[in-house]
Amino acid sequence: MNQSAALIVNGKSRRGREWFSQVESTLKQEAVDLRLSRLVRDPRHISPSVKEALQMGLPLVCVGGGDGTFSAISDQFIGVDSTLGVLPLGTGNSLARDLGIVADVKQAVDVLLKGKPRKIDLGQVNDRFFVNVATIGLTTQIAESLTDEAKRRLGRAVYLMAVCRAAMNTRPFTVKIDIDGERREYRAHQVVVGSGRYHGGPFQVTPDAQIDSGRLSGYVLKSSGRGTLLRYALNLWRGKHVEMPEVFPFDTESLRVSTLPTKRLTVDGEIQGKTPAEFRIHPAAIQVMAP
C-alpha cells in the first residue's frame, strides 16, 4: 500500500482491545506506514488523538469504536483531505452497516487496504454533529438502560430487549414539528431524525433513507395506547414500522422540534442536550473508506 496512516482505537468499545493488535499487525504487514498507533483507554482522549493525526496531514486516519465514537470525531473530517477509515468495534455499528463494512477484523481491514473513498452526509442537531441518528423520547430510556456489560454479553439482541422494557415505562409527550413550512403537533412517544439508513444496529430509519442522499429521513411515533409500543417494537425489527398508521414519516433538509415537557436528545446512542432542537443536513460532508 505504501501509505502513511494513523490507527486510533477506543479501548472501551466492545471489541477494541481484541482488535487493536490484529489491525496494527496486519497494516504493518501490508507496508502501511503507521505514523501514529494508539489504543485509547479513556474515550475522552480519542478526539484529541484524531486531531493530532489530522494535524500531521495523514491521508488515512483509521478509527476503531462504536457509533458514539464516530459521532464524536466526525466533524473533524469536514474540510480536510484525510479519509476516515471505519473499524466497527461497537454493538450496533450502524455507520459500518450503512457503508457495507462487516464487523469482522479481516474484512474490515481489507476495506482499509483495498476500499475506495466515499463521500457521506452528516446530520447536525443544535451544535452537535451525528453520523446516524438523533432521537427524542423512547430512545433516551433505551440508551439509559444499555450498560456496557449488557452490550458485550448480549450483542445486538440487547436493543430489542431494551425497546420492550422501555415500552412498558415510557409516557407520551407533546411534540411540535416545524417542517417544510408547516407546523405539526402530536402526542408522541418517539421522534427519530436520521442522516443515514440505520439506527440501533440493524433497524432502518425509513426504507428509503440513505447516508449520501443529502436529506434527513425520520418519523414520529404517535401515541395511541401502550399496545402501539409493543407493535412498534415488533415492526421495527421487521422494518415495517413506517407502515403503521401511528407513524408519521418525513424526508427533508431541515426541521425544528420542540416538546412539552422538555426532553433530552439521544445522539448516535449518547444522551446529548435537550429540546428544542434544530436539525439540518450537511451533504457529502466527509470522506470515508468504503468497500
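What you are looking at is a predicted structure, and each value in this text was computed from that prediction instead of being measured.

Asks: An account of the environment of leucine 95 is requested, with residue identities and associated values reported.
Replies: The topology assignment puts leucine 95 in helix H4 (residues 94-99). Ignoring anything within four residues of it in the chain, the contact list for leucine 95 reads Asp67, Phe70, Val86, Ile120, Val131, Asn132 and Ile211.

Asks: Explain the packing of aromatic side chains residue by residue, including any values.
Replies: Any two aromatic rings considered together are summarised by their centre-to-centre distance and by the angle between their planes. Per the counting criterion, the structure on display carries four aromatic pairs. Seen in terms of ring centroids, phenylalanine 248 and phenylalanine 250 are 6.2 Å apart; in terms of plane orientation they differ by 45°. Their pairing is tilted. Residue class for phenylalanine 248 comes out buried when judged on its relative accessible area of 14%. Of the aromatic side chains, those joined through ring pairs into one cluster are Tyr186, Phe248 and Phe250. When the ring centre of tyrosine 198 is taken as reference, the NZ or CZ atom of arginine 97 above it lies at 5.8 Å.

Asks: Give me the pattern of salt bridges: which residues, what numbers.
Replies: One pass over the full model with this rule turns up eleven salt bridges. In this structure, glutamate 52 engages arginine 38 in a salt bridge whose closest nitrogen and oxygen atoms are separated by 3.0 Å. Here the residue glutamate 52 occupies a position in helix H2 (residues 46-55), and arginine 38 occupies one in strand E2 (residues 33-40), the gap between them amounting to 14 residues. Of the residues examined, glutamate 52 reaches a relative accessible area of 32% and is grouped as partly exposed.

Asks: Help me get a handle on the environment of glutamine 204, residues and values and all.
Replies: With respect to the helices and strands, glutamine 204 occurs in strand E11 (residues 203-204). The contacts of glutamine 204, once residues within four sequence positions are left out, are Arg197, Tyr198, His199, Leu236 and His241.

Asks: Could you give an account of the nonpolar core, naming the residues involved and the relevant values?
Replies: The biggest cluster of nonpolar side chains holds 49 residues, and the ones touching the most others in it are Leu84 and Leu87. If one sorts the elements of this core by residue count, helix H5 (residues 105-114) sits on top with six residues. If sequence neighbours within four positions are ignored, leucine 84 has contacts with Val61, Val63, Phe70, Ile73, Phe77, Ile286, Gln287, Val288 and Met289.

Asks: An account of the side chain of threonine 69 is requested, with residue identities and associated values reported.
Replies: With respect to the secondary-structure elements, threonine 69 resides in helix H3 (residues 67-73). Beyond its immediate chain neighbours, meaning those up to four positions away, threonine 69 contacts Asn10, Ile46, Val63 and Gly64.

Asks: I'd like a description of the side chain of glutamate 24, backed by residues and values.
Replies: Looking at the element boundaries, glutamate 24 is found in helix H1 (residues 16-29). Within the structure, glutamate 24 has its side chain in polar contact with the side chain of serine 37 (distance 2.7 Å). Setting aside residues up to four positions removed in sequence, glutamate 24 forms contacts with Leu7, Leu34 and Ser37.

Asks: A description of the pairing of strand E15 (residues 264-267) should follow, citing residues and the corresponding values.
Replies: Looking at chain direction, strand E7 (residues 133-137) and E15 are connected through three bridges and run antiparallel. If you follow threonine 135 over to E15, its bridge partner there is threonine 266. Pairing analysis gives three bridges linking E15 to strand E16 (residues 270-274), with the strands arranged antiparallel. Across the sheet, residue valine 267 finds its bridge partner in E16, namely glutamate 270.

Procedures and definitions
- Residues numbered from 1 in each chain as written.
- Predicted model: local features only at pLDDT ≥ 70, side-chain atom pairs only at ≥ 80, totals over all residues.
- Heavy atoms only, no water.
- Helix = DSSP H or I, 4+ residues; strand = E, 2+ residues; numbered from the N terminus.
- Contact = heavy atoms within 4.5 Å.
- Phe/Tyr/Trp six-rings, centres within 6.5 Å; stacked < 30°, edge-to-face > 60°.
- Buried < 20%, exposed > 50% of the residue type's maximum accessible area, 1.4 Å probe, protein only.
- Lys NZ or Arg CZ within 6 Å of the ring centre and 35° of its normal.
- Salt bridge = Lys/Arg side-chain N within 4 Å of Asp/Glu carboxyl O.
- Core = buried A, V, L, I, M, F, W, Y, C linked by side-chain atoms within 4.5 Å.
- Polar contact = N/O pair within 3.5 Å; in protein donor to acceptor, adjacent residues only side chain to side chain.
- Pairing = 2+ DSSP bridges.

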